[in-house]
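# Coordinates in review
These are the residues of each chain, in order.
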Amino acid sequence: MTMPQHLQIQLLTKAAFAPFGDVIEADPATVRLINNGTTERFHRLGTVETDGAGAIISLFRGQPRQFPYAIDMMERHPFGSQSFHPLSGRPFLVAVAEDVGSRPGEPKIFLARGDQGVNYRRNVWHHPLMVIGSPSDFLVVDRDRPENNLEELFYDTPYLISEPIP
Ligand SMILES: NC(=O)N[C@@H](O)C(=O)O
Ligand code: NI
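Residues numbered from 1 in each chain as written. Chains lettered and ligands numbered in written order. Predicted model: local features only at pLDDT ≥ 70, side-chain atom pairs only at ≥ 80, totals over all residues. Heavy atoms only, no water.

## Let's talk about the site of ligand 1
All residues adjacent to ligand 1 are Phe60, Glu75, His77, Gln82, Phe84, His126, Pro128 and Leu129. Residue His77 places a side-chain N or O atom 3.0 Å away from an oxygen atom belonging to ligand 1. The side chain of Gln82 places a nitrogen or oxygen atom 2.9 Å from an oxygen atom of ligand 1. Protein coverage of the free-state accessible area of ligand 1, which is 270 Å², stands at 71%. A breakdown of the residues in the shell around ligand 1 according to their chemical character gives four nonpolar, three polar and one charged. (Near = heavy atom within 4 Å. Polar contact = N/O pair within 3.5 Å; in protein donor to acceptor, adjacent residues only side chain to side chain. Areas by Shrake-Rupley, 256 points an atom, 1.4 Å probe, with all protein chains shown as cover. Nonpolar A, V, L, I, M, F, W, Y, C, P; charged D, E, K, R; others polar.)

Set out below in structure tokens:
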């Protein structure tokens, strides 16, 4: 029986997350002044992939995970990207993994600030939404027509994460 491995949590940065998708944050390098200078547009922070289907906007109200939390599975969406942007202003956890022979490798765990969102690129292994502390709302943009756009795989041995100290 293999003992579960405890994973470290790293802060979410564009560079570290680049292999998996986009970090949605108010990056000064992307800003454009619009509306007669009354609005800053942080332009093209991510792109939506839908493989020809429509893109839809949803709200997710996530309940907090109990810690230590066991990451026993990962999922991916073969035909579309999926973005999560926090509306409650609280940090949340993001878990992604490289694809290793059509299976998820070891998860990489990121702590996202309450003003950072993520956009998983199409077909990127990730764990479903992981909320910390109290119920939190997220704006989600992903592909319409969810049928056959979800692949889930379970690890032989789960990985453990402790509750981060935000
Ligand atoms: N099932 C669903 O819409 N959500 C998941 O895809 C997720 O990544 O949370
Ligand atoms: Ni998903």
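## Notes on the layout of surface pockets
Space inside the largest pocket adds up to approximately 210 Å³. Forming the walls of the largest pocket are 14 residues, and the residues nearest its centre are Ile24, Gly46, Val48, Ser83 and Val141. Counting only elements with at least two residues in the lining of the largest pocket, the list comes to strand 8 (82-86), strand 11 (117-120) and strand 14 (136-143). Class assignment of the residues belonging to the lining of the largest pocket gives a composition of seven nonpolar, six polar and one charged. As for the second largest pocket, its lining consists of 13 residues, of which Tyr155, Asp156, Thr157, Pro158 and Tyr159 are closest to the centre. It is strand 15 (residues 151-161) that contributes the most residues to the lining of the second largest pocket, seven residues altogether. (1 Å grid on protein atoms, 1.4 Å probe; cavity = no way out; pocket = protein on both sides within 12 Å on 5 of 7 lines; lining within 4 Å. Points joined across faces, edges and corners; volume = space filled by probe spheres on them. Helix = DSSP H or I, 4+ residues; strand = E, 2+ residues; numbered from the N terminus.)

## Brief notes about the coordination of the nickel ion (ligand 2)
Protein-derived ligands of the nickel ion (ligand 2) are Glu75 (OE), His77 (NE2), Gln82 (OE1) and His126 (NE2), with the metal-ligand distances lying across 2.1 to 2.2 Å. Around the nickel ion (ligand 2) sit six donor atoms, and with donor-metal-donor angles ranging over 78 to 175 degrees the site reads as octahedral. One chain supplies every donor to the nickel ion (ligand 2), and in sequence these donors are spaced E-x1-H-x4-Q-x43-H. Of the two residues examined, Glu75 and His77, each falls in the buried class. (Donors = N, O, S within 2.8 Å, 3.2 Å for Na, K, Ca; no water. Tetrahedral: all angles 85-135°; square planar, octahedral: opposite > 155°, others 65-115°. Buried < 20%, exposed > 50% of the residue type's maximum accessible area, 1.4 Å probe, protein only.)

## Let's talk about the pairing of strand 11
Side chains of strand 11 alternate between two faces, with Gly117 and Asn119 and Val118 and Tyr120 buried alike. Looking at chain direction, strand 3 (residues 21-24) and strand 11 are connected through four bridges and run antiparallel. Directly across from Ile24, in strand 11, lies its bridge partner Gly117. (Pairing = 2+ DSSP bridges.)

## Some thoughts on the sheet that holds strand 3
Read from one edge to the other, the open sheet built from five strands follows the order 3-11-8-14-6, with strand pairing classed as antiparallel. The sheet is open, and its two edges are formed by strand 3 and strand 6 (55-62), each paired on a single side. Pairs of neighbouring strands in the sheet enclose a mean axial angle of 20 degrees, with direction left out of account. (Axes fitted to C-alpha atoms, helices over the stretch in contact; angles between N-to-C directions.)

## Topic: unusual backbone geometry
With an omega of -5 degrees, the peptide bond between Phe67 and Pro68 qualifies as cis. Here Pro68 is to be found in the loop between strand 6 and strand 7 (69-76). Phi is positive for Asn36, close to 55 degrees, though the residue is something other than glycine. For Asn36, the location among the structural elements is in the loop between strand 4 (31-34) and strand 5 (39-42). By relative accessible area, Asn36 is classed as exposed at 82%.

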